[in-house]
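Now for the letters of each chain:
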Amino acid sequence: MTKTHWRKILETDYLGGFDLDDGKGNFREIDATIKKAERREVKDQNGNNETCLVIEFTDKDIKPMILNVTNSRMLEKLFKSSYIEDWEGKTIRIGTEKVRAFGEWHNALRVRNFIPKPKNTDIICSDCGGVVKGRGKATAQIVADNAVKEFGQPVCLDCWEKRKAVTEQYANELGEKPEQLGGMLGELPDPREAE
Ligand SMILES: [Zn+2]
């Protein structure tokens, strides 16, 4: 039987060790692709504001994660850069580790010491190196196929938007309509194509 960790009942805005509880007394590991890393004011347990480094993930089902120094150092090591902008688009594996703090044991989040291999079924964006995800009824495969038709390469929807913006700006500078530049401007895949 799968049970429910009591902490999961409470609403939390940020990922915690308990989110990885598998309901059977163990903790699972997840792979997550970093969408962005930024400084945020976060309320601590006493309601005071605290400045934190927070990473958001491309997968909306995974809550943002507050990075402590240990995990920040791990990202720096994995991606050979201390600049948070360089971590965007990168995939990490997150697990837990039992740590003792203030006399109690906690299951703290830990970024694992290796870069997870993408699953075979994943389609990798040729711009950012992240996994191409679907949207609505358009599966990842449909997004990738449309991107290949448009650009000759599979790109994720975020990078697609970026490419569109660049093309539009370029067209503006040239005083032309973006359409006249040809294949560079693509509309996002129509979700109805999946039906
Ligand atoms: Zn991308």
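All values derive from a computational prediction rather than experimental measurement.

K.L.:
Is there a simple way to explain the overall build of the protein chain in this structure?
P.N.:
Counting secondary structure elements, the protein chain contains 4 helices and 5 strands. Starting at the N terminus, the α and β elements of the protein chain follow one another as α-β-β-β-α-β-β-α-α. Per-residue burial for the protein chain yields a buried fraction of 22% across its 195 residues. Within the protein chain, counting contacts between residues at least 6 apart in sequence, those at least 24 apart form 49% of the total.

K.L.:
Any chance you could explain unusual backbone geometry here in plain terms?
P.N.:
Glycine aside, the phi torsion of most residues is negative, and most peptide linkages are trans. Its identity as a non-glycine residue notwithstanding, Lys 80 has a phi of 50°, on the positive side. You can see Lys 80 is positioned in the loop between helix H2 (69-78) and strand S4 (91-101). Its 7 C-beta neighbours within 10 Å are what place Lys 80 among the exposed residues. At Phe 102, a position not held by glycine, the phi torsion is positive, near 50°. Positionally, Phe 102 belongs in the loop between S4 and strand S5 (104-111). Judged by the 5 C-beta atoms lying within 10 Å of it, Phe 102 is exposed.

K.L.:
How do you make sense of the pairing of S4 when you look at a structure like this?
P.N.:
Two faces belong to every sheet, and in a regular strand the side chains alternate between them. Taken together, the 4 bridges between strand S1 (residues 30-43) and S4 define a ladder with antiparallel strand orientation. From the neighbouring strand, Ala 32 faces S4, where its bridge partner is Ile 92. Counting the residues that bridge the hairpin from S4 to S5 gives 2 residues, and of these Phe 102 lies at a positive phi of roughly 50°.

K.L.:
Could you clarify how one ought to interpret the environment of Arg 7 in this entry?
P.N.:
Positionally, Arg 7 belongs in helix H1 (residues 6-9). Along the primary structure Arg 7 and Asp 21 are separated by 14 residues, whereas in three dimensions their C-alpha atoms are 9.8 Å apart. Non-local contacts of Arg 7, meaning those with residues more than four positions away in its chain, are made with Gly 16 and Phe 18.

K.L.:
Before we go on, may I ask you to explain helix H3 (residues 140-151) in this structure?
P.N.:
Side chains of residues three or four places apart in an α-helix project in the same direction, reflecting 3.6 residues per turn. With 12 residues, H3 extends 16 Å between its outermost C-alpha atoms, agreeing within 8% with the 16 Å of an ideal straight helix rising 1.5 Å per residue. Residues Val 143, Ala 144, Asn 146 and Ala 147 constitute the buried set of H3. Down the axis of H3, the buried set is contained in an arc of 165°. They therefore lie on one face. Remark: Gly 152 follows H3 within two positions and exhibits a positive phi of approximately 80°.

Calculation notes
Residues numbered from 1 in each chain as written. Predicted model: local features only at pLDDT ≥ 70, side-chain atom pairs only at ≥ 80, totals over all residues. Helix = DSSP H or I, 4+ residues; strand = E, 2+ residues; numbered from the N terminus. Buried ≥ 20, exposed ≤ 12 C-beta atoms within 10 Å, placed from the backbone. Contact = placed C-beta atoms within 7 Å. Pairing = 2+ DSSP bridges. Expected span 1.5 Å × (residues − 1). Arc of directions from axis to C-beta.

Any functional reading would require information beyond the geometric quantities listed.
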